[in-house]
Structures are given as C-alpha cells and as structure tokens.
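Architecture at a glance
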Amino acid sequence: MSEQEKLQRGKRRTKIILITVTVLFIVLMLVVPLISVITSALKEGFKFYIQSITTEYVISALGVTLIATVIAVVVNTFFGICAAWLLTKFSFKGKQVLATLIDIPFSISPVIVGLAYLMTFGRLGWTYPAIRWINDMLGTNIRITFAVPGVVLATIFVTFPFVSRELIPVLNAQGKDEEEAAALMGAKGFTIFRRITLPQMKWGLIYGIILCTARALGEFGAVNALSKTRGGTFTLPLEIDALYMSGTEESITAAFAVSSILVIIAVIILFLRNLLEYRAKRKRAYERSS
C-alpha cells in the first residue's frame, strides 16, 4: 500500500470517527431531549394538550412574550444597523470601547441584568422619584418593574448584540470602496446606504434578526427578576417554570405542553435560518459564476 493510499484511508477513518461523534452528541444532547418534551406533552392525550396550551395564563404569557420579542427585535435591528455601520465605516476615538460595550450582554448573567433594572426603576431605584412625580402630575400609573415595560427592557438588553455582531463582519468584508465611489459621484448618505450597503448586508441582517428573535423568546433570568404577576407579566418560560414547580402530575405535563410551543417555534426559526443560508449560498455562487 502506497503512502497516498494510507493517507486517504487515514482521512476516511478520521472523517467517520468525527461524523459518529458529532451525530451521537447531537442526538443525545439535542434530539432526544426535544423528543422527550413532545412525548411528555402528549402524555395525557391530545385533548389535554390543547387544554393546557389554551388556558388564560398561557395565552397571557404568550402575548407578553410576543410583545417583548417584537419590540426587542425592532429596537435591536435599528440599533444593530446603526452600530455596525458606525463601527465599520467611520473612525473615531473610543471606537474599541464602544465595540466592547456592545458585547456586555454576552458576559453578564441575565439575573444580574434583572436586578440592575430593579435597582434602577424599582421603589428603591434612583429613577423612582421621577416616575412617581410624573404619575402624580399626570394622574397616571406608569410602572417599569413588575410590569410589561420592565419585561421589554430586560429582553432588549439581553438581545441587543445579536444583530450588530452579525452585521459587523459582513460590513468589514464589504469594505468602503463602493460607498466612497458613490459619494464622489454625488450620492447622498441614505441613498448610498439603501442602494449599496443594505443589499450587501441583507442576509446577515436577516440572520441576526432570527438569532435575536430566538434569544428573546427563550429569555428567563432577567425577566424573572422583573416579572412576578402570573397572568399579567409572565412570559412563556416563566409560565413553564410555574407549572413545573406546582409539582402535580397534571401541571408537569402541562408544563411540557407549553414547552412544546417554544420547541415548535425554535424548529420554525431553525428552518428559516437554514433556508436563508441556502439562498445566500446560491446567490453567492450565481454571482461568482456570472
């Protein structure tokens, strides 16, 4: 057997081992737990499953989750575009500091984030006198903590790096040549962004939005510190925790039923991500061939 044949055989053996290890890990750590959630959700039958996911508490939690997710995605998409454009197209003092600050939610525990908002906007927070003064002046009942606004703020905080961190590498790879050429030809800033920058970062933007959505839907720690009213400010993860901690067999099965909603949403998001990646690869292949 030649050295080349030995090398090829060694590569095939290594490839088989890596594929086996990867598949086993994915099956044991991801597929089996997700399947167990679905089977546990249907343990008491389909009728009980429908009853579990249509209770007043679950519908309220789903509504709060969707509200927080939509607002967080909109805010973070706008912020992500602005931050990525600033960091990749302009030079200024403190640029590295700003880039580091954007990554803070990746390194801070969500529970700490919730407590920080609690100490900022709660009854012991330094902004509470101002909030109370506004309520007294306008006759309103504005609340941040233990209310939907607090849930929204916490969700925005833990998800705001996702869009910008997907866009920054794309814009860095794109460079500045096309924008500078367009500017020399008299194009305005927004026209340059709309006609040149946005089309080239489109797929990265969509991918960042998908990641931001997935993270917002599953947030627990920060929201748990700011949401204490079941049926009012609970999100789906908090409702699942409340059902499971009830301890009865029916409530535990109901917790798995509600969990299946997030599993289904996650599968849909995963499908959309893979579809977008496939379309992006096909587009790049087409552009290279043409």
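In this report, the structure presented in the accompanying data block is examined. Nothing here was measured: the structure is a model prediction, and the numbers come from that model.

A separate point is the overall build of the chain. A tally of helices and strands in the chain yields 14 helices and 0 strands. Secondary structure elements of the chain, listed N to C terminal, follow the sequence α-α-α-α-α-α-α-α-α-α-α-α-α-α. The C-alpha radius of gyration of the chain comes to 24 Å, more than 25% above the 19 Å expected for a compact globule of 290 residues. Each principal axis of the C-alpha distribution contributes one length, and for the chain these read about 70 × 60 × 30 Å. A total of 290 residues make up the chain; the buried ones form 35% of that total. Put simply, 73% of the contacts in the chain that link residues at least 6 apart link residues at least 24 apart. In the structure as shown, the chain presents an accessible area of about 17800 Å², 68% of it carried by carbon and sulfur atoms. Side-chain charges of the chain comprise 30 positive and 18 negative groups, with the mean position of each set lying 6 Å from the other.

Bringing the nonpolar core into the picture now. Nonpolar side chains in soluble globular proteins tend to be buried together. Core analysis: the biggest nonpolar cluster contains 17 residues, and I81, L167 and M201 have the highest contact counts within it. Elements with a contribution of two residues or more to this core: helix 3 (56-89), helix 4 (95-102), helix 9 (161-174) and helix 11 (189-217). Setting aside its immediate chain neighbours within four residues, L167 contacts G80, I81, A84, M201, G204 and L205. V64, V113, L238 and A242 belong to the second largest nonpolar core, which has 16 residues in total.

This brings us to the environment of K202. Turning to its location among the elements, K202 is positioned in helix 11. The exposure class of K202 is partly exposed, given its relative accessible area of 34%. On a C-alpha basis, the gap between K202 and L30 in space is 30 Å, while along the polypeptide they are 172 residues apart.

With that out of the way, let us pick up the pattern of salt bridges. What the rule picks out here adds up to 4 salt bridges. For K43, the salt bridge goes to E249, with nearest N and O atoms at 3.7 Å. Within this pair, whereas K43 is found in the loop between helix 1 (3-41) and helix 2 (46-53), its partner E249 is found in helix 14 (residues 249-289), the two being separated by 206 residues in sequence. Classification of E249 as exposed rests on a relative accessible area of 51%. Between R165 and D103 there is a salt bridge; the shortest N-O distance is 2.7 Å. Residue R165 is found in helix 9, and its partner D103 is found in the loop between helix 4 and helix 5 (104-107); the two are separated by 62 residues along the sequence. Residue class for R165 comes out partly exposed when judged on its relative accessible area of 26%. What makes D103 partly exposed here is its relative accessible area of 27%.

Our next topic: the packing of aromatic side chains. Taken as a whole and judged by the stated rule, the model has 7 aromatic pairs. The interplanar angle of 85° and the centroid separation of 5.4 Å between the aromatic rings of F106 and F162 together place this pair among those described as edge-to-face. Of this pair, F106 sits in helix 5 while F162 sits in helix 9, and the two are 56 residues apart along the sequence. For F106, a relative accessible area of 46% puts it in the partly exposed group. Classification of F162 as buried rests on a relative accessible area of 16%. Each ring, one from Y117 and one from F157, has its centre 6.1 Å from the other, and the planes form 85°; the classification is edge-to-face.

Rules used throughout
Residues numbered from 1 in each chain as written. Predicted model: local features only at pLDDT ≥ 70, side-chain atom pairs only at ≥ 80, totals over all residues. Heavy atoms only, no water. Helix = DSSP H or I, 4+ residues; strand = E, 2+ residues; numbered from the N terminus. Rg over C-alpha atoms; globule rule 2.2 N^0.38 Å. Buried < 20%, exposed > 50% of the residue type's maximum accessible area, 1.4 Å probe, protein only. Contact = heavy atoms within 4.5 Å. Areas by Shrake-Rupley, 256 points an atom, 1.4 Å probe, with all protein chains shown as cover. Lys, Arg positive; Asp, Glu negative; His and termini not counted. Charge placed at Lys NZ, Arg CZ, Asp CG, Glu CD. Core = buried A, V, L, I, M, F, W, Y, C linked by side-chain atoms within 4.5 Å. Salt bridge = Lys/Arg side-chain N within 4 Å of Asp/Glu carboxyl O. Phe/Tyr/Trp six-rings, centres within 6.5 Å; stacked < 30°, edge-to-face > 60°.

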